[in-house]
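One-letter residues, chain by chain:
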Amino acid sequence: MSQLRSGDSALMQELGDFPDDDLEVELVEKECRTVRHSVPEEGVELDSHVRDCVQSYTQPWLMVSRRCQGDSWSAYSERACLHKTLQKQTFESDVQPEKLETPVKSPSLAVLSDDSSRTLTSSDFDLRSGLTPDPRVEGLLHFSNHDDLDRFNQEARQGNRHPELFALYPPADEDDAVEIRPIPDCPKEHMGDRIIIRCQAIKFEIDIEPLFATLALYDLREKKKISENFYCDLNSDQFKGFLKPHTPQTDHSTLSRAAIFSITYPSPDIYLVIKIEKVLQQGEISDCAEPYMVMKETDSAKNKEKLEKLRNQSEMFCQRLGRYRMPFAWATVNIMNVISTATLDRDTTDSDSLNGKSSSLEKRGQLPRRNSERFGTMEDQCNMSAFKPATITISTFCKQEGDRLSDEDLFKFLADIKKFSSLQRRIKTIPGTIRLDVTPVHDNPVACLSTELIPVKPLAEKNVRPVKEVLEFPSSEVYVPHSTYRNLLYVYPQRLNFVNRLTSGGRNITIKIQFMSGEDPSCVMPVIFGKSNGPEFVQEVYTPVTYHNKSPDFYEEVKMALPARLTERHHLLFTFYHISCQQKQNQTGASETLIGYSWLPILSTDRLQTGQYCLPIALDRLPVNYSLHSPERITPQVPPVKWMESHKGVFNLEIQAVSSVHTQDNHLERFFTLCHALEGGVTFPLRVREEKIPENKLEHELKLSIISLSSSRLEPLVLYLHLVLDKLFTLIMQPMVIAGQTANLAQIAFESVVSIVNSLHNSQELARDQQGRNGLLATYLYWVFRLPDSNELLNTGPGGVVPPTEGRYSTMGRASASTVGTMLLQSRLRSSSNPDIPAPHSAEDTEVKNILSAKGQNNPGSRMSTYVDVSSHPQSSTGGTRPSNRKQFHEELALQIVVSTGVCRENAYKYAWFFFELLVKSMAQHVSQLEKQDVPRRSRFSDRFKDDVTTIVSVVTAEIGTILVKQQKELEQAEKVNISLAFFLYDLLSLMDRGFVFILVKNYCNQMSTKTVSMPTLISMRLEFLRILCSHEHYLNLSLYFSSPASAPVSPCPSISSQSSSSCSFQEQRILGLFELSQEFKQQHYLAGLLLTELSAALDMESEGGKVQKKAINATYSLLCAHDLDQRCTRPDVRAKVATLYLPLVGIIIDSINYLDFTVSEARGGKSKTGGSDEDPDNIPPINQSIAMAIAGNPFNTLARNALASMASVQSAKAVATLSAETSRNLLLCFLWVMKNAERSLIQRWTVDMPSAQLNRLLELLTICVSCFEYRGKRSSDKVSTQALQKSQQAKMQLEDSLLRGIGARGEMMRRAGGSDRAGQRVNLRWRKDLTQWRQTNDKHDKTKAELDQEALISGNLATESNLIVLDLLETIVQAVPLADCKESVVGGVLRVLLHCLTCNQSTTFLSHCFSTLRALVVKFGDLLFEEEAEQCADLCQKVLQHCSSPVDGNRSQACATLYLIMRYSFSSANNFSRVKMQVTMSLASLVGKSSDFHEEYLRRSLRTILAYAEEDTEMQNTPLPSQVDELLRNLNSILSDTVKMREFQEDPEMLMDLMYRIAKGYQTSPDLRLTWLQNMAEKHKNRKCFTESAMCLVHAAALVAEYLSMLEDHKYLPVGSVTFQNISSNVLEESAVSDDILSPDEDGVCSGQYFTTSGLVGLLKQAAELFSNGGLYETVNEVYKIIMPVLEAHRDFRELVSTHEKLQRAFDNIIQKGHKRMFGTYFRVGFYGAKFGDLDEQEFVYKEPGITHLPEISHRLENFYSQCFGDALEMIKDSKDIDRSKLDANKAYIQITYVEPFFDDYEMKDRLTNFEKNFNLRRFMYTTPFTKAGRPRGELNEQYKRKTILTTMHTFPYIKTRINVIQKEEFDLTPIEVAIEDMQKKTRELAVATHREQPDAKMLQMLLQGSVGATVNQGPLEVAQVFLNEIPADPKLFRHHNKLRLCFKEFIMRCGEAVEKNKHLITFDQKEYQQELKKNYNRLRENLRPMLERKIPELYKPIKPRLGNRDSVKRLSFRRALEENS
């Protein structure tokens, strides 16, 4: 299979064959934000350093890429539109069936009589009339030939399939995707979070003069101004006119009113400060501000003249002093508060993530995160790029204080504002408003100007007001290398100290600031940026004036554009003036009076001067040549210079530069200067700062400066990183000639590079990517680095443009730069490193060349390089040799790495990635420079270089090993080195001879198999390594085509011995061998072999938490995924070829099923549905037996119980490794992919030869696949609406996880309780690559409906496709069956998988194919199915029937066809129709009873369709089949009719139960069906939480089974029919009605269910016990287990006995602990009266309700339900009197509800001692009705009678229903004195109980006492005594009653005494008086009663004469005694 056959060369071409070369080395223009690059002014000769900087900032990027690279990854970017091409799959679960409108008719109550005489066949609906059948499936019976049938089905299945399986599945975890090298961000200018502030209005109360605003940001926390000033003014044209004389012109750029501020380090204390200035005028600030504080524009009438006067005044001042300003007011706002409030208001959707903008936090990723705590706090508060636009209105200004203008003062004010959150009193305020708009900046606004005033793209069409970008002064270092030319100087004059100056002249002082290029006044340079509404650049600036202040503070900021070339003549000149504000009469001239001068040279020893200065001031004139010296050090002159305050420094100022050419760092400056000295053009001795360096010292000094580079400060080093590295690489390359000597600086330069790399990696401030690469270095390598000699090569013309003759590089013009941008964006998804050209192994080069040469070089199929070198190089003649005098950079670099020593060597290997990528990029440039056509691949690089590379690889591998052995904590470091080594080899595959690279790989593998390291770590290392190599774009060529095994490199890994059985013939061995990882395979497919070996080893390993397994699986997964989506692999034959490469994977996966538990790890050991513990193999859930195999909602719990058990036995020796759900899915997807694409014939031959155990495993695997990829539907998406729920579940899961890990008792308990629901949460595995696993659960809510639909669409297709692959495979297996020996088990196994498919949620597409396959199975193996697989057959019927009731037409018609076919075949070939009939009937019964959303109308339509099939089936017309089918369907229809009725009573559970009860009773003759219905009832009860009734249903079911078992087998340990059960409930005897003559168990198909077995019986009873215990009837639990125990003992099942006894112990514990607290039922009598009730009329029932149910509750429930039926005609009768029918309205329905209590005769009470016994087996209930002879219910004591009514029910409670008919009613009346006796007995009893409780309840006791001895109790004891005991009755018949009452009172008064005493001990101190009062009342009562109690009736104490006579009161009969007498 791996020989290059003739067809293969075509295939190779398909796979992109072995292209000659893919390398592209290209220059890409830099994208420039602005319209043009920022460059120095024209026409200046630049010095070399500035020139280098500018070139570095403007030259194009040099990028190396490979043409095919990432082909496989690009497919991911196309997934985005995948959903548009998919077909929508229909799933029943998503279909809302259209309700067939049936009017809500009143329940036909007539059917509810309890007689069971009605036969089930007389159907209420006739099927034939009124229903039309669905369309029939075409050609159901046509195929006489099986092969035709199979072919037809297969063609149908193959149509319309989705070719790429992986496209339907979310990509694997990014965490593992080591093969994706992120493309580093393109270097660009640093920007923080940007906000735009627009000045909308600045208004004061009066408007009299022009005002000027300055905005800037200040960081209070850092005490730092963090932005330059932004100037704007909103003056009207009138006011601008005032200033006309002083504004020469107004440039467009100065009209801006909006500024973009950038904030890199947001902190909560960033304030926007707005300072307002006005034109200088006479008077203090306070005087000038006064009109603003007192006047209002609105009071215009009275102020009109004043305002006019003020305006005129200001116009005068403007004309005269218009160039001077004065401080006026300021205002501030905390900009961060504004942003964070705007963020909070915002809705949760993150708009920027929709526009694809990264949020601010990501953007800052490349910035250093400062480690200090100060930057930590802000992140949580606000997201700067996602706030809503806000408007700020500031309504007060603070007046400026003349003596508090400096920044320090400002910070004090801000601190106060922050502290007191309002202005302090002492600050004077001026009313006014400022309105600003703040919005986040996403894209550059139109008409924006950079800080150098260059327009930023996009440009504005017409004249729009520009927006200015304001330069940020970040509050702390920013580590982003410079990428644009910027050269700005900021001058801050701070203060003048004219303390001793006596002249009055200097009071209103201003400073004129100028930038001079010489001393002549004409040398002033217009480099100062202008302010608002004026020129763009000005020559001079005046500082604002503080009126009459001799030593003023200044707050001016002067921004200048520094010239690129500075000389020693350049300086700043400061001229100090006094301004006279008032014009004196005699004075006509200027208003300025000169005070003096000062200056500051810009350069000091060739270095820019920045920092704080304090300068002296020269009076009168400037000295000659002053600019060459600083003012402090000026040489003495003649005449001498006059200095103010004797040459002391009096003028403080600060200078800051923001420059990308002036390094402002000594080390860097020195290094650059010395480097430029080498380039020549300097004179020696060279001056560096203060020292002079002669030429002979240059080398030494240069070496020192190189060494000290890494000790320069981090910030400048990073800022100039690109330049520094370029210089160092040049030094490594070029031997320098210094003073005639060749100096080799290579080693020192290399060491310096290493130490810089080291310090950048070690800096806490700098970001790294996930592979540990420092971002700055990665960026440099990818975009910036070029071969040091390429300058000569590129001999760039002016402006860095490449001359067109240069053909070697394709230069991309600006137009295509944007396309590059988009390519880059796409390539984010791909790997960024670029592998290429796999050629065959070196030894085979010629051979492959011959094969390839057939294609010819110019065949379009062969991709040749698109670059042709214009200038033909002389080198071509010499083949691969180079001019010997030129060193090659890669050789030099490799050499330096190899020879390095010590720390340098250590770090070079530690950060090997940098040097590897450097080598690769330089090699790529080298390769692209060689004449590619003529230099064979093998001679591109010298042997010496190859040796060096070999050494480097082996040393790095050894390093990894050392780290792993010695320093475990460095594990991460080892992983990173390992990854970078892999990428290195991956890149080399595209540059060097591949045979050479393979040898390197082999060496690596050998070195990495040392035994000293723990296995998981090694495997995981090798896996990552291989994963990267395999992601090479020519991996397939490298793997598929080693022409002969001999030529392949020998596999470095030991083989896994072949596992095939020895008995196979050679041919079989060959096929089976393909599916195993053989030695031969590893030799032929080297890389694939390595990967699969690792996978196999990983799966065999026991690693902690399955990390290694996950890694191995994901590696394989991502590789297959890449093939699947690879454009080159679209043809099926290519895919088949690729799949062949992975056949051993199938073997590995099938083996892994043995020792990998595919259950979801969290849900392992979850309880089965009934809550039985998971150790019981027989613990089958009550109904759902067929689905037990795939516990719903849990993708992996699919192994049938026995399979799990068998696995457990295999596994006893070895710890079971478990895979997480997602990893398992990935592995299974790989399996499905191979199965989908491999050659069919190959698979078929493989399955034929497979040993049966292996085949069973394969089928098991398929079952797992079905569950695994089941469609979870939109429901899962809409299920949880609130995040809160999700959050709590997450927390719970985390908690449970942590508990489960440390398992212990607590964990065990949690595990038991865990149920199977938790698995469901992992269902919606991610589609979107960017989500982390953890966010997954919250995802739901952030998704739009469209996204959810799209997700459902994709997952629907995935489910369909994966199930179809399984189906294909099953068909392949079945079609191979005739060839195999073990037919039965195979067919059975296949059927089991198919049934499992039907259980899951499937699409219509799949179902139609699945049913076709099922029908084919029935046709081909019918006899086998109906004979052998009885249970499967039952399942089959149930599944098919279920689909017959589907609302989806397609599913229904397929199911009907299948069901008919089953009937037909069971009739004709298997002669087994009675069994099928039984199965179908039972299936329907259980379906109907169980599912609440069951569509009987669809099912009825299906029955009609089946009837149609039977009628149309011509062959069968003369057989009994049609009539039999007809009978069966009629039966089914009648069951359905019952269902319809059940549907009507959905709201009235009692009715529903009665109906189900009646249906069950109707099946008395058919035990299977009765059992089914009993189970249905149990399920219904359980859903209503009626656990006791549910348990009773199961007990009845068990009794039924017991009856049957006792007929079949005679075992001592089995119960003797239902009699055994009567201890549990006497009702169970009903089940014995099944006598032998009705049922012969041997009759075919009867009692064949799985419950009619011993284990079935035990299962039912155990569930019953569980339910009894849930219902709180613990005593019954014991009775149930008494029946189970003998069975368990007989089976010697000790494990079960242990758990049984545990459960019994728990039950008895509960009895003891709960004692009196147990709640049993409450009972009510409900009577129905009225003809409207039909059969219910005059029926009475006793209803059992839960523990504490009040009368209104049940009354309300019934009223609700029946008023729906009868509307207003319903009436509830409120009393309990007998109903007189004659008085009722015939048109109304009446319901009477009475509370009843269980009633027992005295003799019964002897047996019923416990609370439980008084509430169990109840049959008689009593209620009392008070009445008087007069007809009123209540009257005086002596006329109050009472009627007791005793009801007897048909069965005892609890029963299998919650209401039972009343069958007998007895009544007797009590006379008033008897009523009194009963009352007193009750009172006495209550008192006794309350007094003698163990923990007496004081409140209860006092309440009873109050009612007994309280003074004012109406009809209280005293009154009773006075009425009945006052005199002896006249009637002797009442003597006994009188005496009994007297004795009652005696006991009563005694109990009262006890209670009063008891109370004494219970009361608190404050109840003392109350107690005395009680005592007093008690004594009074006793005294009052005493005479009556002591009076006895003498007659009663005479000796008794025997006499016969009848007692007066009605005779009380017990129901039982009456029966005895009657009998």
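Residues numbered from 1 in each chain as written. Predicted model: local features only at pLDDT ≥ 70, side-chain atom pairs only at ≥ 80, totals over all residues. Heavy atoms only, no water.

Student: Honestly, the overall build of the protein chain in this entry has me stumped. Any pointers?
Tutor: If you tally the helices and strands in the protein chain, you get 66 helices and 40 strands. Here the protein chain, with 2023 residues, has 56% of them falling under the buried criterion. Put simply, 80% of the contacts in the protein chain that link residues at least 6 apart link residues at least 24 apart. Total accessible area on the protein chain stands at roughly 87000 Å², and carbon and sulfur atoms take up 51% of it. (Helix = DSSP H or I, 4+ residues; strand = E, 2+ residues; numbered from the N terminus. Buried < 20%, exposed > 50% of the residue type's maximum accessible area, 1.4 Å probe, protein only. Contact = heavy atoms within 4.5 Å. Areas by Shrake-Rupley, 256 points an atom, 1.4 Å probe, with all protein chains shown as cover.)

Student: I'm lost on the packing of helix α61 (residues 1872-1891) against helix α63 (residues 1917-1924) in this one. Help?
Tutor: Helices that pack against each other are described as a pair by the angle of their axes relative to one another and the distance between those axes. The geometry of α61 relative to α63 is characterised by a closest axis approach of 11 Å and an angle of 150° between their N-to-C directions. Between α61 and α63, the angle is such that the two are roughly antiparallel. You can see that α61 and α63 cross each other, and the crossing is left-handed. Side by side, α61 and α63 meet where P1872, I1873, A1876 and M1880 of the first sit next to P1917, V1920 and F1924 of the second. Per-class residue counts for the contact of α61 with α63 are seven nonpolar, no polar and no charged. (Axes fitted to C-alpha atoms, helices over the stretch in contact; angles between N-to-C directions. Parallel < 35°, antiparallel > 145°, perpendicular 65-115°, else oblique. Left-handed = near helix turned anticlockwise from the far one by under 90°. Nonpolar A, V, L, I, M, F, W, Y, C, P; charged D, E, K, R; others polar.)

Student: I keep staring at the nonpolar core and nothing clicks. Help me out?
Tutor: Residues F915, F1231 and Y1762 are the most contacted members of the largest nonpolar core, which totals 365 residues. Among the elements that make up this core, the one with the highest residue count is helix α55 (residues 1587-1608) (14 residues). When residues no more than four places from it in sequence are discounted, the contact partners of F1231 are V1146, I1149, L1258, L1261, L1262, C1265 and L1369. In this structure, I195, V338, M384 and V438 belong to the second largest nonpolar core, which totals 46 residues. (Core = buried A, V, L, I, M, F, W, Y, C linked by side-chain atoms within 4.5 Å.)

Student: Is there a simple way to explain the packing of helix α18 (residues 746-762) against helix α24 (residues 902-910) in this structure?
Tutor: With their axes 9 Å apart at the nearest point, α18 and α24 run at an angle of 55° to one another. The angle between the axes of α18 and α24 places the two elements in the oblique class. Once α18 is placed against α24, the crossing between them reads as left-handed. For the pair α18 and α24, contact is made by F750, E751, V754 and N758 and by C904, N907 and A908, respectively. Broken down by class, the residue content of the contact of α18 with α24 amounts to four nonpolar, two polar and one charged.

Student: Explain the pattern of salt bridges here, please?
Tutor: Counting across every chain of the model gives 74 salt bridges. The partner of K1744 in a salt bridge is E1589, and the shortest N-O contact between them spans 3.0 Å. With K1744 in strand β35 (residues 1740-1745) and E1589 in helix α55, this residue pair connects regions lying 155 residues apart in the sequence. The exposure classification of K1744 matches that of E1589, with both residues buried. Measuring nitrogen to oxygen at the nearest pair gives 3.6 Å for the salt bridge that ties K1976 to E1973. A residue pair is termed a helical-turn pair when its members lie 3 or 4 positions apart in one helix, as K1976 and E1973 do in helix α65 (residues 1968-1990) at three residues. Overlapping salt bridges bring together R33, E189, R194, E452, E469 and R486 as one network. (Salt bridge = Lys/Arg side-chain N within 4 Å of Asp/Glu carboxyl O.)

Student: For this particular structure, what's the right way to read a negative patch on the surface?
Tutor: Together, E45, D47, E568 and D606 line one region of the surface with negative charge. Within the secondary structure layout, E45 lies in the loop between β1 (23-28) and α2 (48-58). (Patch = residues over 30% accessible without salt bridge, like charges linked within 9 Å, V, L, I, M, F, W, Y side chains within 5 Å. Lys, Arg positive; Asp, Glu negative; His and termini not counted. Charge placed at Lys NZ, Arg CZ, Asp CG, Glu CD.)

Student: Is there a simple way to think about the environment of M992 in this case?
Tutor: Its location among the elements puts M992 in the loop between α27 (971-988) and α28 (994-1007). In this structure, the C-alpha to C-alpha distance between M992 and A924, residues 68 residues apart in sequence, is 10.0 Å. Apart from the residues within four sequence positions on either side, M992 is in contact with M923, R937, F941, F945, K946 and V997.

Student: Explanation requested: the pairing of strand β22 (residues 592-601) in the structure shown.
Tutor: Consecutive side chains of a regular strand alternate in pointing toward one face of the sheet and then the other. The element β22 is largely enclosed, with a buried count of seven among its ten residues. When strand β21 (residues 571-579) meets β22, the two strands line up antiparallel, connected through nine bridges. Considered in β22, the bridge of L573 is made with W599. (Pairing = 2+ DSSP bridges.)

Student: Where do I start with the packing of aromatic side chains in this structure?
Tutor: Any two aromatic rings considered together are summarised by their centre-to-centre distance and by the angle between their planes. According to the stated counting rule, one finds 52 aromatic pairs in the structure shown. Aromatic pair F166 and W1233: ring centres 6.4 Å apart, planes at 50°, arrangement tilted. With F166 in the loop between α5 (146-158) and β3 (193-204) and W1233 in helix α38 (residues 1221-1237), this pair connects stretches of sequence that are 1067 residues apart. Residue F166 shares its accessibility class with W1233, and that shared class is buried. For the ring pair F729 and F785, a centre distance of 5.5 Å and an interplane angle of 85° mean the geometry is edge-to-face. Here F785 lies in the loop between α19 (775-784) and α20 (790-794) and F729 lies in helix α17 (residues 721-733), a separation of 56 residues in the sequence. Under the relative-accessibility criterion, F729 is labelled buried at 1%. (Phe/Tyr/Trp six-rings, centres within 6.5 Å; stacked < 30°, edge-to-face > 60°.)

Student: Sorry, what's going on with the sheet that holds β21 here?
Tutor: Backbone hydrogen bonds hold the strands of a sheet together, and the pairing may be parallel or antiparallel. Across the sheet, four strands lie side by side as β19-β16-β21-β22; this open sheet has antiparallel pairing. The sheet terminates laterally at β19 (540-542) and β22, the two strands that pair on one side only. Across this sheet, the average inter-strand angle for adjacent strands is 20°, counted without regard to direction. Sheet analysis places strand β16 (residues 509-516) next to β21, joined by eight bridges and oriented antiparallel. Following the sheet pairing, I513 is matched in β21 by F574.

Student: Where do I start with α38 in this structure?
Tutor: In an α-helix, one full turn covers 3.6 residues, which means residues spaced three or four apart are oriented alike. A rise of 1.5 Å per residue sets the reference length of α38, with its 17 residues, at 24 Å; its end C-alpha atoms lie 24 Å apart and thus fit the reference within 8%. Most of α38 sits inside the fold, with 16 of its 17 residues counted as buried. (Expected span 1.5 Å × (residues − 1).)

Student: Can you help me understand the confidence of the model for the protein chain in this one?
Tutor: Detailed reading of the predicted model is not advised wherever pLDDT is low. This prediction gives the protein chain a mean pLDDT of 76; 76% of its residues lie at or above 70. Predicted confidence is poor over residues 1-7, with pLDDT under 50, and the contacts of this stretch with residues over four places away or in other chains come to 19 contacts. Per-residue pLDDT stays below 50 along residues 1294-1341; that stretch engages in 97 contacts with residues further than four places along the chain or on separate chains. (pLDDT = per-residue confidence, 0-100.)

Student: What is the right way to look at helix α25 (residues 912-929) in this model?
Tutor: The end-to-end C-alpha separation of α25 is 26 Å, in line with the 26 Å expected for 18 residues at 1.5 Å each. Burial of α25 is extensive: 18 of the 18 residues sit out of reach of the surface.

Student: Even after reading the chapter, I still don't get the side chain of Q514, so can you show me in this structure?
Tutor: You can see Q514 is positioned in strand β16. Its relative accessible area of 10% is what places Q514 among the buried residues. Excluding residues within four positions of it along the chain, Q514 makes contact with V524, I528, Q539, E540, H571, L572, L573 and T575.

Student: How do you make sense of the environment of A213 when you look at a structure like this?
Tutor: Assignment of secondary structure puts A213 in strand β4 (residues 211-219). We classify A213 as buried; its relative accessible area is 3%. Along the backbone, A213 and K278 are 65 residues apart, and their C-alpha atoms lie at a distance of 9.0 Å. For A213, the residues in contact, after removing those within four places along its chain, are I202, F230, Y231, C232, I274, K275 and I276.

Student: Please clarify how the side chain of D269 should be interpreted in this entry.
Tutor: Inspection of the secondary structure assignment puts D269 in the loop between β7 (258-263) and β8 (270-279). Overall, the relative accessible area of 6% leaves D269 in the buried class.

Student: I keep staring at the environment of R687 and nothing clicks. Help me out?
Tutor: You can see R687 is positioned in strand β27 (residues 686-688). R687 sits in the partly exposed class, given a relative accessible area of 43%. When the C-alpha positions of R687 and T673 are compared, they lie 9.1 Å apart, and in sequence the two are 14 residues distant. Discounting residues that sit within four places of it in the chain, R687 has contacts with T605, D606 and K692.

Student: What is the right way to look at unusual backbone geometry in this model?
Tutor: Glycine aside, residues mostly have negative phi angles, and peptide bonds mostly take the trans form. For the bond from K457 to P458, the omega torsion is -5°, close enough to zero to count as cis. The topology assignment puts P458 in the loop between β13 (455-456) and β14 (467-469). Of note, the amide linkage connecting F1853 to P1854 takes the cis form, showing an omega dihedral of -10°. Residue position: P1854 is located in the loop between β39 (1841-1853) and β40 (1859-1870). A positive phi angle is found at E645, which is not glycine, with a value near 50°. By secondary structure assignment, the location of E645 is in the loop between β25 (611-615) and β26 (651-659).

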